[in-house]
Amino acid sequence: MPVQQLKEYLDQAGVEYMCLSHPPAFTAQQLAHHVKIAGDRVVKTVIIELDGKMAMLVMPATWRIRWDRLTHILDTDFVDLADEQEFQDRFPECEVGAMPPFGNLFDMSVYCAEALTRQPELAFAAGSHTESIHMKTSDFLELVHPMVLEQGFVKPGAQKPAWLKGRARRAESLTGSPTANLAGY
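Remember, predicted model here, so these are calculated numbers, not experimental data.

Draft legend 1. Highlighting the sheet that holds strand E5 (residues 79-81). Spatially, E5-E2-E3-E6-E9 is the arrangement adopted by the five strands of the open sheet, whose pairing is mixed. For this open sheet the edge positions go to E5 and strand E9 (147-149), each flanked by a neighbour on one side alone. In this sheet, neighbouring strand axes are inclined to one another by 35° on average, regardless of whether the strands run parallel or antiparallel. Two strands pair when backbone bridges link them, and strand E6 (residues 109-113) and E9 are joined in this way by three bridges, in the parallel orientation. By the bridge assignment, Tyr111 is partnered in E9 with Met147.

Draft legend 2. Focus on the sheet that holds strand E1 (residues 17-21). Across the sheet, which stays open at both edges, the three strands sit in the order E1-E8-E7 with antiparallel pairing between neighbours. Of all strands in the sheet, those bounded by a partner on one side alone are E1 and strand E7 (121-128). Neighbour-to-neighbour, the strand axes of this sheet turn through a mean angle of 25°, independent of strand direction. Bridging between E7 and strand E8 (residues 131-136) involves six bridges; their strand directions are antiparallel. Following the sheet pairing, Phe124 is matched in E8 by Ile133. Sheet strands touched by helix H2 (residues 28-35): E1, E7 and E8. Its angle to E8, the strand with the most contacts, is close to 80°. In the packing of helix H6 (residues 137-144) onto the sheet, the strands contacted are E7 and E8, and the crossing angle to E8 comes to about 95°.

About the criteria used
- Residues numbered from 1 in each chain as written.
- Predicted model: local features only at pLDDT ≥ 70, side-chain atom pairs only at ≥ 80, totals over all residues.
- Heavy atoms only, no water.
- Pairing = 2+ DSSP bridges.
- Helix = DSSP H or I, 4+ residues; strand = E, 2+ residues; numbered from the N terminus.
- Axes fitted to C-alpha atoms, helices over the stretch in contact; angles between N-to-C directions.
- Contact = heavy atoms within 4.5 Å.

So, in structure tokens, the structure goes:
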């Protein structure tokens, strides 16, 4: 969905929004930097495979997925990051990695981190790495009707679980490095 089609959809829905042009932003954190707003208000869109179907996760740019918790909260055996080659055809007019968080327009379920719902407004890639849409969170929620999840995500600065702290101490005693064997956390 190119920027113009997204704008037409929002216009038809009668919602207020602002479209901004900016230097290329290939991550949600870069978008936050370019448009000078807090990362908690910028939507990171992640495509996942959930029990063999594509779905969309939306969360603050600064947050990460906790796969173990996400699997548990969604009551499923299989959740994985989708491969870009597998889903890029679902977003034919979008640049890869710049999909807007409107999974409902692409026949995808949308799962939203509860933290996003507490923000007064959101910004997100509008199908392009150089344009973003800014709109009220309430309008986004009304248009998309995502399933809001309270778990499955980790906020910045969150304390690591006790089991992981113990693992870090063991790794440090064996290797002399506090982060050995903790890649990806």
